[in-house]
Amino acid sequence: MALQCGIVGLPNVGKSTLFNCLSNAKAQSANFPFCTIEPNVGVITVPDERLNKLAEFVKPQRILPTTVEIVDIAGLVKGASKGEGLGNKFLANIRETDAILHVLRCFDDDNITHVDGSVNPIRDKEIIDYELQLKDLETIETRIQKVQKQAQTGGDKNAKLIYDVLVKYKEALDMGKAARTVQFDSKDEQKAARELFLLTSKPVLYVCNVDEASAVNGNKYVEMVREAVKEENAEILIVAAKTEADIAELETYEDRQMFLQEVGLEESGVSRLIKSAYKLLNLETYFTAGVQEVRAWTYLKGSKAPQCAGVIHTDFEKGFIRAEVIKYNDFIQYGSEAAVKEAGKLSVEGKEYIVEDGDIMHFRFNV
């Protein structure tokens, strides 16, 4: 399931430093704009304490976590929607992603040049918002021209539906609002809206890149961002990218944990960011557990048992018969599959079962 989060932001806000921490890929990180010209893709392991806990009980030959893809995209500048800088490349790359990690510079450092000369995360945010909104508006207006006549003559119901969706989006964008702020009531409208693939309809997480002293509680810049996005239905995460880079260089787990404690963090910013990205993509995890392997599998939240079986292999979905399900907490409480069965806590589910995060699954199928 190759769903991607794209890391975006103005040049020199810490995108590539953060990406390097996330993936251990060595995207060039330099003090000048456009040091990342081709998007770097990192396949990132999603930390999940439940996986390790299951392995303690099962003692498998191997443990396989699930992953999420992160794309580091070239820095954007004013005029990107008109092709300025690497604008066209930026917009094409971001269109291919499923969610946005918007990095904002929330630290002072005279040694790192800001492309606009001063630190102001709200201005930076608005530059990118404006460019993405302009591009969406261009898309909307082009589509309106194509369907308006069909919609207004009244003969084409689908054209009327699409036209109404386009008009709602245009009203929001004209007011400087992102497409994601527009709510649609009917399923048909929601489907038509999704098929437009607008840049500002993608879910977004604002990543406030701070200095080490602000890693726990944030600072004045973070508070500015909180205030600015409170109407957006977006989340904020505080990360000190430079500190995370220092942590990533430490060789042992114990050393990294000691460093985190000294800074005052229970968990690394990188770990929190990966989990947030996973959630942003509307993903959840189920497990399979046996002596050969304990493994985490990714599925879209709300999926039914056959679709989740198909994540392992398409034959599992085609020939789905039933799923044997153990709840994670029950497995931990009783300590083994046999003990769970004895306690009557294993359930047998059919095709309509909606899989829940943390379910331990065993699929029966016949092809």
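Thresholds, definitions, all that
Residues numbered from 1 in each chain as written. Predicted model: local features only at pLDDT ≥ 70, side-chain atom pairs only at ≥ 80, totals over all residues. Heavy atoms only, no water. Helix = DSSP H or I, 4+ residues; strand = E, 2+ residues; numbered from the N terminus. Buried < 20%, exposed > 50% of the residue type's maximum accessible area, 1.4 Å probe, protein only. Contact = heavy atoms within 4.5 Å. Areas by Shrake-Rupley, 256 points an atom, 1.4 Å probe, with all protein chains shown as cover. Pairing = 2+ DSSP bridges. Right-handed = clockwise from strand over helix to strand, strands pointing away.

What follows covers the overall build of the protein. Counting secondary structure elements, the protein contains 14 helices and 12 strands. By residue count, 48% of the 367 residues in the protein fall in the buried class. Within the protein, residue pairs in contact and separated by at least 24 positions form 70% of the contacts whose partners lie at least 6 positions apart. With the model as given, the accessible surface of the protein reaches about 18700 Å², and the carbon-plus-sulfur share is 48%.

Here we take up the environment of histidine 362. Inspection of the secondary structure assignment puts histidine 362 in strand β12 (residues 360–365). Judged by relative accessible area, which is 38%, histidine 362 ranks as partly exposed. Sequence-distant contacts of histidine 362, that is, excluding residues within four places in its chain, are made with Arg322, Ala323 and Glu324.

Next up on the list: the side chain of histidine 102. Topologically, histidine 102 is positioned in strand β5 (residues 99–105). For histidine 102, the contacting residues outside a window of four places in its chain are Val8, Gly9, Lys125, Ile128, Asp129, Val204, Leu205, Tyr206 and Val207.

On to the pairing of strand β6 (residues 204–209), then. Among the six residues that make up β6, six are buried, leaving the element largely enclosed by the rest of the structure. Where burial is concerned, the two faces of β6 agree: the one with Val204, Tyr206 and Cys208 and the one with Leu205, Val207 and Asn209 are both buried. In the sheet, β5 pairs with β6 via six bridges, with the strands oriented parallel. When the bridges of β6 are listed, arginine 105 appears paired with asparagine 209. What joins β6 to strand β7 (residues 235–239) is helix α7 (residues 220–229), and the crossover it makes is right-handed.

Shape descriptors only; they carry no functional weight alone.
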